There are 2 protein chains.
Amino acid sequence: MDHQIDDIDKKIMQLLQHHARMPISQISKEISMSQPSVKDRILKLEDKKIISEYSTVFNLRDLNRGTTSFILIKTEHCQELVDFCEGAREVTDLFRISGEFNYLIKVQTASVEELAEFQDSLVRIGPSKSHICLKNILENRVLL
Amino acid sequence: MDHQIDDIDKKIMQLLQHHARMPISQISKEISMSQPSVKDRILKLEDKKIISEYSTVFNLRDLNRGTTSFILIKTEHCQELVDFCEGAREVTDLFRISGEFNYLIKVQTASVEELAEFQDSLVRIGPSKSHICLKNILENRVLL
DNA sequence: GTTGAAAAAACAGAGGA
DNA sequence: TCCTCTGTTTTTTCAAC
């Protein structure tokens, strides 16, 4: 069953996207719609899982994980890699991908030295290639 | 100036991470601390920008952007690439990286066909290599 | 850090355009 | 489907300790 997202839904989603704690009352003002209706629409978006969660974004620099890197790895020990990554604090993202390498890992470390250590711990799983991120230009942006 | 994040802060952050709209009252109950104190700590985390924002995560499948891909591109027309990506709805992430390729683009399209179209529009900027994501195993996870 | 009272916001219905 | 109006509950805020 498909949910039709109309322009009003879109406006609400745009407001919530970067201000998830915004009160219904304020959303109501901004889009000139009554609070019950706004609440109703948000509930529907949540029920249909169009809104999958409200999350809090932390400044990774303050958590000593300000260095972003991407590691491409080729391995036959898939489960081992997945288990390893799930347990590793440095790993924020893991994708099974097509191509020469079969996994892409996004890693947040305190420094490039720590990245080297992390990559060292991957050698027994398979050959890898790392790209240090010099600048995060866009991140996690969804245009509605 | 450095902010010392203690265990109580960490607990609050863990609760907020995937439930950004959780009321102070509930956080207060869960960690057995008075509401004003919880509120006070959250305000400090916000002021110090340790909490950088509260965001809403959408189900990209419902937005007709359920296919994740990564494109590595090598170009000398950096500004052109950045401008192009900022204007492209498909692009959610863009990183300047080290290595043979100098940019990594994360793309969300409706299908692989749409990915092909997108990659076609990049040819004039530079040679690129794309990896279709077959499975999103971990995404945007921060272990505190 | 706590308590407790005042203010503000969210919720739940009913009735109607 | 959306609105307004209402009362009720919950949450937030802010004082004093």
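Scoring rules and cut-offs
Residues numbered from 1 in each chain as written. Chains lettered and ligands numbered in written order. Predicted model: local features only at pLDDT ≥ 70, side-chain atom pairs only at ≥ 80, totals over all residues. Heavy atoms only, no water. Domains from an automatic or database assignment. Helix = DSSP H or I, 4+ residues; strand = E, 2+ residues; numbered from the N terminus. Contact = heavy atoms within 4.5 Å. Near = heavy atom within 4 Å. Polar contact = N/O pair within 3.5 Å; in protein donor to acceptor, adjacent residues only side chain to side chain. Salt bridge = Lys/Arg side-chain N within 4 Å of Asp/Glu carboxyl O. Nonpolar A, V, L, I, M, F, W, Y, C, P; charged D, E, K, R; others polar. Pairing = 2+ DSSP bridges. Least-squares fit on C-alpha atoms with pLDDT ≥ 70 in both. Axes fitted to C-alpha atoms, helices over the stretch in contact; angles between N-to-C directions. Parallel < 35°, antiparallel > 145°, perpendicular 65-115°, else oblique.

- If you look chain A up in an unreviewed UniProt entry, it shows as AsnC family transcriptional regulator from Paenibacillus phytorum.

## Quick look at the domain arrangement of chain A
Then comes step 1: Per the domain assignment, the segments making up chain A are domain 1 (7-47) and domain 2 (67-132).
Then comes step 2: Using only C-alpha atoms to locate each centre, domain 1 of chain A and domain 2 of chain A end up separated by 39 Å.

## Brief notes about the environment of A:Ile137
Then comes step 1: Its place among the elements puts A:Ile137 in strand 5 (residues 128-138).
Then comes step 2: For the pair A:Ile137 and A:Ala110, spaced 27 residues apart in the sequence, the C-alpha separation amounts to 19 Å.
Then comes step 3: Not counting residues within four places of it along the chain, the set of residues in contact with A:Ile137 comprises B:Val82, B:Glu86, B:Leu94, B:Arg96 and B:Tyr103.

## Focus: the protein's contact with DNA strand C
Then comes step 1: The immediate surroundings of DNA strand C are formed by A:Pro23, A:Ile24, A:Ser25, A:Gln35, A:Lys39, B:Met33, B:Ser34, B:Pro36, B:Ser37 and B:Arg41.
Then comes step 2: In DNA strand C, the atoms that sit within 4 Å of the protein are 82% sugar and phosphate, with bases accounting for the remainder.
Then comes step 3: One of the side-chain N or O atoms of B:Ser34 is found 2.2 Å from a phosphate oxygen in DNA strand C.
Then comes step 4: Measuring from a phosphate oxygen of DNA strand C, one finds a side-chain N or O atom of B:Ser37 at 2.6 Å.
Then comes step 5: Of all the elements in the fold, those that place two or more residues in the surface near DNA strand C are helix 2 (24-31) and helix 3 (35-47) of chain A together with helix 3 (35-47) of chain B.
Then comes step 6: Top element by residues in the surface near DNA strand C is helix 3 of chain B. It accounts for three residues.

## So, the interface of chain A and chain B
Then comes step 1: Counting from both sides, the interface comprises 62 residues of chain A and, opposite them, 62 residues of chain B.
Then comes step 2: Counting across the interface, chain A meets chain B through two salt bridges.
Then comes step 3: For the pair chain A and chain B, the interface holds 49 residue pairs in polar contact (both at pLDDT 80 or more).
Then comes step 4: For the side of chain A that touches chain B, the elements supplying multiple residues, two or more each, are helix 1 (7-17), strand 1 (51-58), strand 2 (67-73), helix 4 (78-87), strand 3 (91-97), strand 4 (103-109) and strand 5 of chain A.
Then comes step 5: A per-element tally of the side of chain A that touches chain B places strand 5 of chain A first, with nine residues.
Then comes step 6: For the side of chain A that touches chain B, the per-class residue count stands at 32 nonpolar, 14 polar and 16 charged.
Then comes step 7: One ladder, built from four bridges, connects strand 3 of chain A with strand 5 (residues 128-138) of chain B; its direction is antiparallel. If you follow A:Leu94 over to strand 5 of chain B, its bridge partner there is B:Leu138.

## Examining the relation of the copies chain A and chain B
One copy of the chain maps onto the other through a rotation about an axis plus a displacement along that axis.
Then comes step 1: Expressed as a screw operation, the relation of chain A to chain B combines 0.0 Å of axial shift with a rotation of 180°, fitting to an RMSD of 0.1 Å. Both chain copies can therefore be described as sitting about a two-fold axis.
Then comes step 2: Comparing interface residues between copies, 100% of those in chain A also sit at the interface in chain B, which points to an isologous, same-surface contact.

## What about the packing of helix 1 of chain A against helix 3 of chain A?
All names here are of chain A.
Then comes step 1: Between helix 1 and helix 3, whose axes approach to 11 Å, the crossing angle comes to 80°. Considering their axes alone, helix 1 and helix 3 lie roughly perpendicular with respect to each other. On the side of helix 1, the interface is formed by Ile-8, Asp-9, Ile-12, Met-13 and Leu-16, while helix 3 contributes Val-38, Arg-41, Ile-42 and Leu-45.
Then comes step 2: Of the residues in the contact of helix 1 with helix 3, the class split is seven nonpolar, no polar and two charged.

## Examining the pattern of salt bridges
Then comes step 1: Taken as a whole, this structure holds 12 salt bridges over all chains when the rule is applied.
Then comes step 2: A salt bridge links B:Glu80 to B:Arg124; the nearest nitrogen and oxygen atoms lie 2.2 Å apart. Highlighted residues: B:Glu80 in helix 4 (residues 78-87) and B:Arg124 in the loop between helix 5 (112-120) and strand 5, separated in sequence by 44 residues.
Then comes step 3: The network of salt bridges with shared partners includes A:Asp6, A:Asp9 and A:Arg41.

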